[in-house]
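Geometric and topological summary
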Amino acid sequence: MASSKLQALWNHPAGPKTIHFWAPTFKWGISIANIADFSKPPEKLSYPQQIAVTCTGIIWSRYSTVITPKNWNLFSVNIVMAGTGLYQLARKAQHDYFSEAQPAIAEE
């Protein structure tokens, strides 16, 4: 049973023998890097970069559901991209516009 499922995956039109498998698989690296940036201070985040990550995720998520064959690997990586981009944008906006600036106290 397992071998038939593996063979079905191997021979799928978006399986490992095609670029339709490998492109989204390597795209996970962008999402993983964005997740690693969750620990980065918000002032070091870039609006243009996170807007690009978010828009890419949204646009390609939609695209992956209308193409034939449906590419669920592409769909999932782009949903994660959109989610991490939105989270980073929210962190940056909260830091820039909604946090109270605390004055630095000089220590003597």
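Structure: above.
I will try to describe carefully the structure that is included in this document. (Residues numbered from 1 in each chain as written. Predicted model: local features only at pLDDT ≥ 70, side-chain atom pairs only at ≥ 80, totals over all residues. Heavy atoms only, no water.)

Right, let's get into the overall build of the chain. Within the chain one finds four helices and zero strands. Its helices and strands in sequence order give the chain the pattern α-α-α-α, from N to C terminus. Here the C-alpha atoms of the chain give a radius of gyration of 19 Å, more than 25% beyond the 13 Å that 2.2 N^0.38 yields for 108 residues. Considering only C-alpha atoms, the chain reaches an extent of 70 × 30 × 20 Å along its principal axes. Out of the 108 residues belonging to the chain, those deemed buried represent 28%. When contacts within the chain are restricted to residue pairs at least 6 apart in sequence, long-range pairs at least 24 apart make up 71% of them. Accessible area for the chain stands at about 7,600 Å²; split by element, carbon and sulfur atoms hold 67% of it. (Helix = DSSP H or I, 4+ residues; strand = E, 2+ residues; numbered from the N terminus. Rg over C-alpha atoms; globule rule 2.2 N^0.38 Å. Buried < 20%, exposed > 50% of the residue type's maximum accessible area, 1.4 Å probe, protein only. Contact = heavy atoms within 4.5 Å. Areas by Shrake-Rupley, 256 points an atom, 1.4 Å probe, with all protein chains shown as cover.)

This brings us to the pattern of salt bridges. Scanning all chains against the criterion turns up two salt bridges. For Asp37, the salt bridge identified is with Lys40, shortest N-O distance 3.9 Å. Judged by relative accessible area, Lys40 falls into the partly exposed class, the value being 29%. Between Asp96 and Lys92 there is a salt bridge, and its shortest N-O distance comes to 3.6 Å. Of this pair, Asp96 and Lys92 are both found in helix H4 (residues 72-98), four residues apart, which corresponds to roughly one turn of the helix. (Salt bridge = Lys/Arg side-chain N within 4 Å of Asp/Glu carboxyl O.)

Taken as a whole, the largest pocket holds about 160 Å³ of empty space. Contributions of two or more residues to the lining of the largest pocket are made by helix H2 (19-36) and helix H3 (47-66). With five residues, the single largest contributor to the lining of the largest pocket is H2. The residue inventory of the lining of the largest pocket, partitioned by class, reads seven nonpolar, two polar and one charged. (1 Å grid on protein atoms, 1.4 Å probe; cavity = no way out; pocket = protein on both sides within 12 Å on 5 of 7 lines; lining within 4 Å. Points joined across faces, edges and corners; volume = space filled by probe spheres on them. Nonpolar A, V, L, I, M, F, W, Y, C, P; charged D, E, K, R; others polar.)

Viewed as axis vectors pointing N to C, H3 and H4 meet at an angle of 150°, and their least axial separation amounts to 7 Å. With respect to their mutual orientation, H3 and H4 come out roughly antiparallel. Classified by chirality, the crossing of H4 by H3 is left-handed. For the contact of H3 with H4, the per-class residue count stands at 16 nonpolar, eleven polar and two charged. (Axes fitted to C-alpha atoms, helices over the stretch in contact; angles between N-to-C directions. Parallel < 35°, antiparallel > 145°, perpendicular 65-115°, else oblique. Left-handed = near helix turned anticlockwise from the far one by under 90°.)

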